[in-house]
Protein chains: 2
Amino acid sequence: MGTTQLETVPEPKYWHLKTVLSDALDSEFAVGEILPNERELAARFGVARATLRQALEQLELEGRLQRRRGVGTTVAPPRVGVDVGPGQGGPNVWPGAAGDAWYTEDHEETVPPAMVASLLGTEGEPVHAVRRSRTTNGQPVATEILYVPAATVPGLPAEPVEAVPGTGGAARARAVLRELHRRELDGQDRTVELGSIRADDARRLDRLPGAPVLVVTTRYVADGHTAALAVSTFRADTCRLSFSDGEGVPLLAG
Amino acid sequence: MGTTQLETVPEPKYWHLKTVLSDALDSEFAVGEILPNERELAARFGVARATLRQALEQLELEGRLQRRRGVGTTVAPPRVGVDVGPGQGGPNVWPGAAGDAWYTEDHEETVPPAMVASLLGTEGEPVHAVRRSRTTNGQPVATEILYVPAATVPGLPAEPVEAVPGTGGAARARAVLRELHRRELDGQDRTVELGSIRADDARRLDRLPGAPVLVVTTRYVADGHTAALAVSTFRADTCRLSFSDGEGVPLLAG
DNA sequence: AAGTGGTCTAGACCACTGG
DNA sequence: CAGTGGTCTAGACCACTTT
């Protein structure tokens with residue numbers, strides 16, 4: 001005879017909290033505004049700090065919030081549409097072609113991870129590794145390693161003696177890309193999956209280790225072989241990957 | 001004088017733990033094998049259960065583990081390559097065309113979320129909403145809602161009286177798709193972003209609310225307008241999205 | 001009923017940023 | 001330096017699955 005408990009499935013506190021906060025963000029906060037600190041928010045909602053943090057983590061995962069240690073929690077701007085096209089069947093282009101959005105940073109020769117090597121068919125052999133990065137509005141959004149087997153770029157000279165150490169890496173990287181462009185690109189295909197950022201990339205992308213990232217693996221095909229393989233790491237909190245076909249600006253890229 | 005502390009950045013415990021566990025998974029466990037329970041693992045590594053859970057969460061995010069309440073933690077199989085192609089520029093096809101991987105489930109007429117409505121240009125109006133789902137190896141991997149403005153499918157009859165309630169939804173959904181296929185598809189473009197699963201989709205995909213998902217938004221263009229919009233939700237833990245160009249099976253799809 | 005993972009607490013200390 | 005978010009603890013209870 002008491003209250004009829006229709007809601008037989010008690011919603012977790014952090015889940016309800018997330019909904020409340022989400023609504024508040026829509027109605028009461030502007031982009032860039034800083035929220036009260038976690039201890040105060042927890043007190044205000046009458047929950048432990050850990051519970052509040054669980055809700056904040058969800059909202060950060062969805063790109064609604066941005067948290068920075070020592071600074072505070074701010075309302076994040078809408079996700080940036082990052083064009084990773086042109087997609088398949090469109091005008092395939094090699095990485096580093098004129099007008100692409102990446103900045104070529106460095107080069108070294110290494111033995112790639114086993115999974116990369118097996119796709120390249122270069123078990124155990126060292127390959128060229130070109131490091132590239134990408135920014136939007138001054139913020140780093142992605143980092144990439146492009147693996148190029150030596151067999152793909154036979155025209156490259158032997159490792160040159162460094163005239164000016166520190167600048168040689170980028171120069172060698174560009175040389176690899178130039179050599180790559182001499183070959184005809186037959187096609188490419190991509191996969192996208194969720195990952196967590198490794199320690200070295202964490203610094204490059206200004207995130208803490210373990211932050212969620214979208215990992216894009218691109219296989220470049222020439223002469224029926226895998227001529228190169230790019231592993232690109234995008235910040236999942238700030239990026240929306242856009243696969244456009246190059247015919248006009250896609251609406252979704254917003 | 002004492003020990004030289006070269007590693008000036010103390011690694012968080014859960015991060016180190018994750019590495020240890022990851023190596024152990026590679027070398028000592030087979031796919032499907034169940035791990036010791038959380039309380040025992042925590043004791044074995046000398047950490048609090050919450051800390052251990054932080055490491056397990058990371059590994060689950062990366063698709064290495066699968067945890068189920070009441071059951072235990074098991075070693076996950078490698079991620080499934082889910083083909084979401086053919087991509088842009090390739091042979092664009094309407095959803096529901098012969099041979100696509102989706103199962104048509106239901107239909108209703110609703111006013112879509114504001115962001116969908118603005119892309120469709122149907123502010124406030126109800127549109128057709130076709131619910132579809134997708135499985136791989138018997139496991140649900142994705143759920144989708146396809147929004148079709150009434151203007152796109154003018155040939156549809158008015159809402160029919162249900163002869164057999166419960167089967168009518170799927171039948172109406174297929175009718176919408178048939179009507180859609182009569183139009184010529186000019187192109188499509190997609191975005192991929194990280195999200196957290198909503199409560200209703202959580203049941204469909206056999207996950208708890210808040211689990212990470214890859215949200216694919218596809219815009220279908222006909223006659224220069226957005227003729228339909230699909231919002232697809234893929235389990236991020238089990239899926240690797242593959243954008244193939246339809247010319248042979250892509251290596252990355254493995 | 002027993003055992004699992006999921007939620008929640010109240011507190012402590014650490015790492016980082018900024019004035 | 002004060003204030004922020006990040007890590008960690010030791011415990012409790014809950015929801016769920018299996019036996």
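Residues numbered from 1 in each chain as written. Chains lettered and ligands numbered in written order. Predicted model: local features only at pLDDT ≥ 70, side-chain atom pairs only at ≥ 80, totals over all residues. Heavy atoms only, no water.

1. Examining the UniProt feature "domain: HTH gntR-type" (unreviewed entry) in chain A
Thought 1: Here the UniProt-annotated "domain: HTH gntR-type" (unreviewed entry) positions come out as residues 11-78 of chain A.
Thought 2: Annotated as 54% helix and 12% strand, the span residues 11-78 of chain A places its first and last C-alpha atoms 28 Å apart. (UniProt positions renumbered as here; feature names shortened; annotations may be inferred. Helix = DSSP H or I, 4+ residues; strand = E, 2+ residues; numbered from the N terminus.)

2. What about the protein's contact with DNA strand C?
Thought 1: Inspection of the region around DNA strand C gives 27 residues, with Lys13(A), Ala48(A), Thr51(A), Arg49(B) and Arg53(B) positioned closest.
Thought 2: Here the atoms of DNA strand C within 4 Å of the protein split so that 67% fall in sugar or phosphate, with bases taking the remainder.
Thought 3: Side-chain polar atom of Arg69(A) to a sugar or linking oxygen of DNA strand C: 3.4 Å apart, as the coordinates give it.
Thought 4: Within the side chain of Asn37(B), an N or O atom sits 2.9 Å from a phosphate oxygen of DNA strand C.
Thought 5: For the surface near DNA strand C, the secondary structure elements donating two or more residues are helix H1 (13-28) and helix H3 (49-61) of chain A together with helix H2 (38-45), helix H3 (49-61), strand S1 (65-68) and strand S2 (72-75) of chain B.
Thought 6: Element by element, the count of residues in the surface near DNA strand C is highest for H3(A), at four residues.
Thought 7: Taken together, the residues of the surface near DNA strand C sort by class into nine nonpolar, seven polar and eleven charged. (Near = heavy atom within 4 Å. Polar contact = N/O pair within 3.5 Å; in protein donor to acceptor, adjacent residues only side chain to side chain. Nonpolar A, V, L, I, M, F, W, Y, C, P; charged D, E, K, R; others polar.)

3. Here's the deal with the sheet that holds strand S7 (residues 187-196) of chain A
Thought 1: Here we have eight strands laid out as an open sheet, ordered S4(A)-S5(A)-S6(A)-S9(A)-S8(A)-S7(A)-S10(B)-S3(B), and mixed in their pairing. Strands at the two margins of the open sheet, each flanked by one partner only, are strand S4 (103-110) of chain A together with strand S3 (80-83) of chain B. With direction set aside, neighbouring strand axes in the sheet form an average angle of 20°.
Thought 2: As judged from the six bridges shared by strand S6 (residues 139-148) of chain A and strand S9 (residues 225-235) of chain A, these two strands associate in the antiparallel manner. Bridge pairing in S9(A) places Leu146(A) opposite Ala230(A). (Pairing = 2+ DSSP bridges. Axes fitted to C-alpha atoms, helices over the stretch in contact; angles between N-to-C directions.)

4. Re the protein's contact with DNA strand D
Thought 1: Looking at DNA strand D, there are 27 residues lining it, with Arg49(A), Arg53(A), Lys13(B), Ala48(B) and Thr51(B) nearest.
Thought 2: The protein-proximal atoms of DNA strand D, defined as those within 4 Å of the protein, are 67% sugar or phosphate.
Thought 3: In the model, a base nitrogen of DNA strand D is placed 2.7 Å from a nitrogen or oxygen of the Arg49(A) side chain.
Thought 4: For the surface near DNA strand D, the secondary-structure elements that each account for two or more residues are helix H2 (38-45), H3, strand S1 (65-68) and strand S2 (72-75) of chain A together with helix H1 (13-28) and H3 of chain B.
Thought 5: It is H3(B) that contributes the most residues to the surface near DNA strand D, four residues altogether.
Thought 6: For the surface near DNA strand D, the residue count by class is nine nonpolar, seven polar and eleven charged.

5. Section: the pattern of salt bridges
All names here are of chain A.
Thought 1: Tallied over the entire structure, the rule returns 44 salt bridges over all chains.
Thought 2: Arg67 is paired through a salt bridge with Glu60; the nearest N and O atoms lie 3.4 Å apart.
Thought 3: Through salt bridges with shared partners, a single ionic network connects Glu38, Arg49, Arg53, Glu57, Glu60, Arg67, Arg207, Arg235 and Asp237. (Salt bridge = Lys/Arg side-chain N within 4 Å of Asp/Glu carboxyl O.)

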